[in-house]
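Fold and contact review
Take a look at the letters that make up each chain.
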Amino acid sequence: YNPVAGFAYDKYNSLDEIHSEMKRLKKEYPKMITLIDIGQSHENRTLLVMKITGKRNPLGSKISMWIDGGIHAREWISPATAMYIAHELILGYDNDATVAKLMDHIDFYILPVMNPDGYEYSREKNRMWRKNRSPAKCHRSTFSTVCCAGVDLNRNFDWFWASTGSSSDPCHDTYHGSSAFSEPESQAVRDFLEQHTPEAFISLHSYSQMWLIPYGHRKQSYPQDYHTGLRPLALRATKALYELYGTKYQVGTGADLMYEASGGSHDWAKGQLKVPYAYLIELRPKNTMMGHGFLLPEREIVPTGLETFESIKVVADELVAQ
Ligand code: ING
Ligand code: ZN
């Protein structure tokens, strides 16, 4: 981190660089920003949430929106996009009346890196790492015992936990953990959200350009307001996203569009916490780009941030309108 050059919003940054930028923003905009330490990872890294809100609050009470990034270690565009959204909100407050209005009505809670140990591990040791860095557990098969580290945090939430699209083998990339919420990272997010139940919940992932709606654990399984609320808003949000650069998103449940998977945070947010608008966004790119789907070039960080911000504003605007 170079304090003179400042934070590079067009680069993939380390956890330290991201946390330093969050602290710098808080210093520069103390009335808009609060930093909240919601817990620690397995390796004792801080799970740092930035609360961003307007200085004026005409209603006297606030609705809130949660955005997390970096639940999966190798999906580097997701923390970068979370930081970009925070930056657009903060700078927009004094320059964009639309953004200012949203911020005067909504508390935004942004956790840019939900899996800090995995993120650093992906940066330093294994670019394709997905899980957290939960200490190795051993799995006995017919012929041998193998020990592996890491739990898939997006299989560790308490929504049909350990039923579909997840593995009981600690060596598997979708290992669901020893129990629902066995991990400090998922526990911290659960505890915080139970205290501050938001009206919208958005979890940023990559890749494939899909706006995923609950439920992902079974095909053709939908919340009762899927067709009247969740899906119409997702279509409007992805339309606004499309209008900036023509980036196309598919809209639907993860189970219908890809595969069934239980224990996802967006499913838990909707099904258990009853967050009205809970989504999972699979950011750029669309395709694997010859096996490099997670390696989105840095030149696409800012365009991804800008187009995604357009869709976030649509969701936020819906919360204010209600
Ligand atoms: N994708 C999600 C995953 O956790 C998902 C998408 C969730 C699909 C739930 C189906 C059901 O597997 C990423 N990026 O990992
Ligand atoms: Zn993911």
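Considerations on the coordination of the zinc ion (ligand 2)
- Around the zinc ion (ligand 2), the protein contributes the donor atoms H72 (ND1), E75 (OE), E75 (OE) and H205 (ND1), at 2.0 to 2.3 Å from the metal centre.
- Each of the six donor atoms around the zinc ion (ligand 2) contributes to a set of angles spanning 52 to 153 degrees, which defines the coordination as irregular.
- Taken in chain order, the donor set of the zinc ion (ligand 2) reads H-x2-E-x129-H. Both residues of the pair, H72 and E75, count as buried.

Here's the deal with the sheet that holds strand β9 (residues 250–253)
- Strand order in the open sheet made by the eight strands is β1-β2-β4-β3-β7-β10-β8-β9, with mixed pairing throughout. The two strands at the open ends of the sheet, each matched to only one other strand, are β1 (33–40) and β9. Averaged over all pairs of adjacent strands, the angle between their axes in this sheet comes to 20 degrees, without regard to strand direction.
- With three bridges joining them, strand β2 (residues 46–52) and strand β4 (residues 106–111) adopt antiparallel strand pairing. If you follow M50 over to β4, its bridge partner there is I110.
- Against the sheet, helix α5 (residues 184–195) engages β1, β2, β3 (63–68), β4 and β7 (200–206), with an angle of about 135 degrees to β1.
- Where helix α6 (residues 226–245) meets the sheet, its contacts fall on β8 (210–213), β9 and β10 (277–283), and the angle it forms with β10 comes to roughly 35 degrees.

Structural notes on the environment of H217
- Following the sequence through the fold, H217 ends up in the loop between β8 and α6.
- Considered as a pair, H217 and D256 are 39 residues apart in the sequence and their alpha carbons are 9.6 Å apart.
- Non-local contacts of H217, meaning those with residues more than four positions away in its chain, are made with W159, F160, T164, E260, A261, S262 and D267.
- Within the structure, the side chain of H217 is placed 3.2 Å from the side chain of W159, a separation counted as a polar contact.

Remarks on the state of the cysteines
- For the structure shown, the criterion picks out two disulfides.
- One disulfide bridge connects C138 with C147, the sulfur atoms lying 2.0 Å from each other. Between C138 and C147 the sulfur-sulfur dihedral comes to about 100 degrees; the bridge is accordingly right-handed.
- Classification of C138 by relative accessible area gives partly exposed; the value is 41%.
- You can call C147 partly exposed: its relative accessible area is 44%.

Re empty space enclosed by the protein
- This model, assessed by the stated rule, comprises one cavity of 30 Å³ or more.
- Counted as a void, the largest cavity has a volume near 60 Å³.
- As for the largest cavity, its lining consists of F7, A8, Y9, K11, Y12, N13, I18, W76, P79, A80, M83 and Y119.
- At three residues, the largest contribution of residues to the lining of the largest cavity is made by helix α2 (residues 77–92).
- Taken together, the residues that form the lining of the largest cavity break down as 10 nonpolar, one polar and one charged.

Concerning the environment of E318
- One can find E318 in helix α9 (residues 301–321).
- Put simply, E318 and K51 are 267 residues apart on the chain and 20 Å apart in space, counted from C-alpha to C-alpha.
- Of the polar contacts made by the side chain of E318, one reaches the side chain of Q322; its length is 3.1 Å.

As for the packing of aromatic side chains
- Following the criterion strictly, the structure yields 15 aromatic pairs and no others.
- Ring centres of Y121 and W129 lie 5.2 Å apart, and the angle between their planes is 70 degrees; on these two criteria the pair is classed as edge-to-face.
- Overall, Y121 belongs to the partly exposed group, its relative accessible area being 23%.
- Judged by centre distance (4.5 Å) and plane angle (40 degrees), the ring pair of Y222 and Y226 falls under tilted.

So, the nonpolar core
- Grouped together as the largest cluster of nonpolar side chains are 62 residues, with contacts concentrated most on I52, M65, L89, I202, W211 and Y279.
- For this core, the element with the most residues is α2, which contributes nine residues.
- The residues contacting M65, other than those within four sequence positions of it, are I106, D107, F108, Y109, P198, A200, I202, I312, V315, A316 and L319.
- Of all hydrophobic cores here, the second largest spans 23 residues; its members include Y109, L153, F192 and Y215.

A closer look at the pattern of salt bridges
- Under the criterion given, the structure shown has 20 salt bridges.
- A salt bridge links E28 to R24, with the shortest nitrogen-to-oxygen separation between them at 2.5 Å. Taken together, the positions of E28 and R24, both in helix α1 (residues 15–28) and four residues apart, correspond to about one turn of that helix.
- A residue is classified by how much of its surface remains accessible, and R24, at 31% relative accessible area, is partly exposed.
- Salt-bridge contacts for D107 lead to K62; the nearest nitrogen and oxygen are separated by 3.7 Å. Taken together, the residues D107 in strand β4 and K62 in the loop between β2 and β3 connect sequence positions 45 residues apart.
- For K62, a relative accessible area of 25% corresponds to the partly exposed category.
- When salt bridges that share partners are traced, they join E21, R24 and E28 into one network.

Rules of the game
Every chain is numbered independently, its residues counted from 1 as its sequence is written. Chain letters and ligand numbers both follow the written order, the letters beginning at A and the numbers at 1. Local features in this predicted model are restricted to residues whose pLDDT is 70 or higher, and side-chain atom pairs enter the listing and the counts only when it is 80 or higher, whereas totals over whole chains, interfaces and linings include all residues. Note that the side-chain values use all heavy atoms of the structure and ignore hydrogens as well as water. Only nitrogen, oxygen and sulfur atoms within 2.8 Å of the metal, or 3.2 Å for Na, K and Ca, are treated as donors, and water is left out, so sites may look incomplete. When four donors show all angles between 85 and 135 degrees the site is tetrahedral, when four or six donors have opposite pairs over 155 degrees and all other angles between 65 and 115 it is square planar or octahedral respectively, and in every other case it is irregular. The cut-offs for exposure are 20% and 50% of the maximum accessible area for each residue type, with area from a 1.4 Å probe on protein chains only; residues under the lower value are buried, those over the upper are exposed, and the others partly exposed. The criterion for strand pairing is that DSSP finds at least two bridges linking the strands in question. In DSSP terms, a helix is any run of H or I states spanning at least four residues, a strand is any run of E spanning at least two, and both are numbered starting from the N terminus. What counts as an axis is a line fitted to C-alpha atoms, over the stretch in contact for a helix, and the angles between N-to-C directions run from 0 to 180 degrees. The criterion used for residue contact is that any of the two residues' heavy atoms lie within 4.5 Å. Two N or O atoms count as a polar contact when they lie within 3.5 Å, although within protein this holds only if one can serve as hydrogen donor and the other as acceptor, and sequence-adjacent residues are included solely when both atoms are side-chain atoms. Cysteine sulfur atoms are paired as a disulfide whenever they come within 2.5 Å of each other. The pocket and cavity definitions rest on a 1 Å grid over protein atoms only: a 1.4 Å probe that fits but cannot leave marks a cavity, an open set with protein on both sides within 12 Å along at least five of seven lines marks a pocket, and residues lining either have an atom within 4 Å of a point. Grid points are joined across faces, edges and corners, and a volume is the space filled by probe spheres set on the points. Gly counts as polar in this scheme, as do all residues outside two lists: the nonpolar Ala, Val, Leu, Ile, Met, Phe, Trp, Tyr, Cys and Pro, and the charged Asp, Glu, Lys and Arg. Two aromatic rings from Phe, Tyr or Trp, using only the six-membered ring of Trp, form a pair when their centres are within 6.5 Å; if the ring planes differ by under 30 degrees the pair is stacked, by over 60 it is edge-to-face, and anything between is tilted. Among buried residues, those of type Ala, Val, Leu, Ile, Met, Phe, Trp, Tyr and Cys that are joined through side-chain atoms within 4.5 Å constitute a nonpolar core. For this analysis, a salt bridge means a side-chain nitrogen from Lys or Arg found within 4 Å of a carboxyl oxygen belonging to Asp or Glu.

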